[in-house]
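# Observations on the three-dimensional arrangement
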Amino acid sequence: MSKITFSDISVKVIKLTFNSRFTLAKVCRKIPLIAKVVDKLFFEEDDIQVLPRDSSIKSNNKVISEKITINMDVEVPENVMLPSKVLKEMIMKSKYHVIMDSCICRVSNDCKDYPKELGCLFLGRGSKRISPKLGKVVSPYEAIEHVDKCQEAGLVHIIGRNKIDSVWLNTGPKEELLSICACCPCCCLWKMTPDLPEDIGKSFSKMEGVELKIDKSICAGCGKCMKDICFVEAISVENEKVSIDMKKCRACGRCAEVCSSGALRIQMEEDGIKHSIERVESLIDVKLE
C-alpha cells in the first residue's frame, strides 16, 4: 500500500473546495480579519502577471502570430514583440523545469471546453520538490513545446510568484518557485478576482506595458466579447457599445481575439517584454541556479 503524501491530501482538499472559492472571496471582502488570515496563508507577497495571447497582438489590423520552431529564427514585424517571449526567456534561463500531468483547476471544475491534461509549468529550485506523482521533469525545449500547445488550445498564461502553489505543492520558500499557469476563462483560480478584497486582487495584474484599447466608433455592440470570454467580468455593453472597466481588466486579449469588428486590440509598449522579464527575475533569480 502506497504512503499518503502531503500532495495527495492537498489535491483532495483542492478538488473538494475549489468551487467554494467565490464564497470565500466574498467572505474575505466582508470580514477583514478573515481576509488577513487568508492573505497570510495563501497570497502574501504574490506578484502574478497575465500575459496576453500572442494572437491578440495586432499591427496594422493584422493579427501577429508566431510558430515556434527550435533553433530557427522567427520573423515578426518590426517593433512588435510577442508575450510568449517572456516565457521563452524564463524557460531558457532556468535550470529546472517541471510540467504538471494535469491542470488542477480544470480537473477540479471538470472542465468540458479546454484540455485538462495541459497543466502548469514550474521553474526554479522549488520545482525539484514537486511530487513525481503530480508532474515530470522536462527539458527547456519540451517546456517550450508545452507553451505552444497551451497557446494553440486557447489558454492564457499567467506567470509569477503564487504562494498558494508553493503551499499545496509543498515546495518550500515561495521565492524559489516560478509558476507559469495556462488558464481557461471558465476554471481559472483567479476568476474569483472581482470578489476578492482589492489588496489581495491587485497582486494579480496585467503584463507590464500592456493595455487593452477600444475604438467605439467601429464597435458593433454585439457582445461577442462578453459571453464566456472575460473571466474577470470587466466587459459590459452600454448604449450598444462595449465598455471596459479598466480597473478589472487584466488585458488577457481574449476579447480582442474574438472581436470581429476590430474594435478591440492589445497594445504593447516596445519595452514591455523587457520590463516583464525584469519583474519575474526579481522574484526568482533563475540565472543563478
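Structural data are supplied above this passage.
Described below are features of the structure shown in this document. Values in this document were obtained by computation on a predicted structure and should not be read as measured data.

Strands sit in the order β6-β4-β5-β8-β7-β1-β9 across an open sheet of seven strands; the sheet is mixed. Taken across any chain shown, the strands that pair with only one partner, and hence form the sheet edges, are β6 (135-137) and β9 (204-206). Between one strand axis and the next, the sheet turns by 25° as a mean value, whatever way the strands run. Pairing between strand β5 (residues 121-123) and strand β8 (residues 178-183): three bridges, direction antiparallel. Residue pairing across strands places leucine 121 opposite isoleucine 180, the latter belonging to β8. Lying on the sheet, helix α4 (residues 84-93) is in contact with β1 (47-51), β4 (97-100), β5, β7 (156-161) and β8; it crosses β7 at an angle near 50°. Running over the sheet, helix α6 (residues 140-152) touches β4, β5, β7 and β8 and is turned about 35° from β4.

Below, the discussion takes up the packing of aromatic side chains. If you walk through the whole model with that rule in mind, you get three aromatic pairs. Centre to centre, the rings of phenylalanine 204 and phenylalanine 231 are 6.1 Å apart; their planes meet at 85°, and the pair counts as edge-to-face. Here the residue phenylalanine 204 occupies a position in strand β9, and phenylalanine 231 occupies one in the loop between β10 (210-214) and β11 (235-238), the gap between them amounting to 27 residues. The class for phenylalanine 231 is buried, based on a relative accessible area of 4%. The cationic tip of arginine 21 hangs over the ring face of phenylalanine 18; the distance from NZ or CZ to the ring centre is 3.9 Å. Seen from the ring of phenylalanine 231, arginine 254 lies directly overhead, with NZ or CZ sitting 5.7 Å from the centre.

Calculation criteria
Residues numbered from 1 in each chain as written. Predicted model: local features only at pLDDT ≥ 70, side-chain atom pairs only at ≥ 80, totals over all residues. Heavy atoms only, no water. Pairing = 2+ DSSP bridges. Helix = DSSP H or I, 4+ residues; strand = E, 2+ residues; numbered from the N terminus. Axes fitted to C-alpha atoms, helices over the stretch in contact; angles between N-to-C directions. Contact = heavy atoms within 4.5 Å. Phe/Tyr/Trp six-rings, centres within 6.5 Å; stacked < 30°, edge-to-face > 60°. Buried < 20%, exposed > 50% of the residue type's maximum accessible area, 1.4 Å probe, protein only. Lys NZ or Arg CZ within 6 Å of the ring centre and 35° of its normal.

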